[in-house]
Amino acid sequence: QVQLVESGGGLVQPGGSLRLSCVASGNIYSINAMGWYRQAPGKQRELVARIITGGMPNYAEAVKGRFTISRDNAKNTVYLQMNSLKPEDTGVYYCNVDVVTKNPGSRYLEVWGQGTLVTVSS
């Protein structure tokens, strides 16, 4: 079984910054990708940022130049540094991990975090 623990959400003023963290643990052999998605009330969940192991980060156009995704591979952790936050960034942010589990019974899984609320408001 694989678990994700998220932290860093909260209330911030426009122009401020937040740093989200997501730690993956459990029956992990390797992680192929880690990323962040967000969802506002009444809207579809959308990609914020994602990074494939050995590849380049991919960002939603709306956050380019303001958000940075990074990984600590030794700790199975992904971060999302959010700067110059805008009210339109408000929503529930979800960590997502593509993981290969250990043998026996090795499997490729897509795992979602519980979600953490980010509110950008004055």
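Since the structure is predicted, the reported quantities are computational estimates derived from the model, not experimental observations.

Cut-offs applied
Residues numbered from 1 in each chain as written. Predicted model: local features only at pLDDT ≥ 70, side-chain atom pairs only at ≥ 80, totals over all residues. Heavy atoms only, no water. Salt bridge = Lys/Arg side-chain N within 4 Å of Asp/Glu carboxyl O. Helix = DSSP H or I, 4+ residues; strand = E, 2+ residues; numbered from the N terminus. Buried < 20%, exposed > 50% of the residue type's maximum accessible area, 1.4 Å probe, protein only. Pairing = 2+ DSSP bridges. Axes fitted to C-alpha atoms, helices over the stretch in contact; angles between N-to-C directions. Polar contact = N/O pair within 3.5 Å; in protein donor to acceptor, adjacent residues only side chain to side chain. Contact = heavy atoms within 4.5 Å.

1. Description of the pattern of salt bridges
Across all of its chains, the model carries five salt bridges by this definition. One salt bridge in this structure joins R50 and D98, with 2.5 Å as the shortest N-O distance. Here D98 lies in strand 9 (residues 91-101) and R50 lies in strand 5 (residues 46-52), a separation of 48 residues in the sequence. Its relative accessible area of 22% is what places R50 among the partly exposed residues. Through salt bridges that share partners, R38, E46, R66 and D89 make up one connected network.

2. Points about the sheet that holds strand 7 (residues 67-72)
Taken in spatial order, the four strands of this open sheet run 1-3-8-7, and their pairing is antiparallel. Each edge of the open sheet carries a strand with a single partner, namely strand 1 (2-7) and strand 7. The mean angle between the axes of side-by-side strands here comes to 15°, regardless of whether they run parallel or antiparallel. Pairing geometry for strand 7 and strand 8 (residues 77-82), over six bridges, is antiparallel. Each residue of the ladder has a partner; that of R71, found in strand 8, is V78.

3. Quick look at the side chain of T101
Residue position: T101 is located in strand 9. Overall, the relative accessible area of 6% leaves T101 in the buried class. A polar contact of 2.8 Å, which involves the side chain of T101, links it to the backbone nitrogen of R107. Setting aside its immediate chain neighbours within four residues, T101 contacts V2, N27, Y29, S106, R107 and L109.

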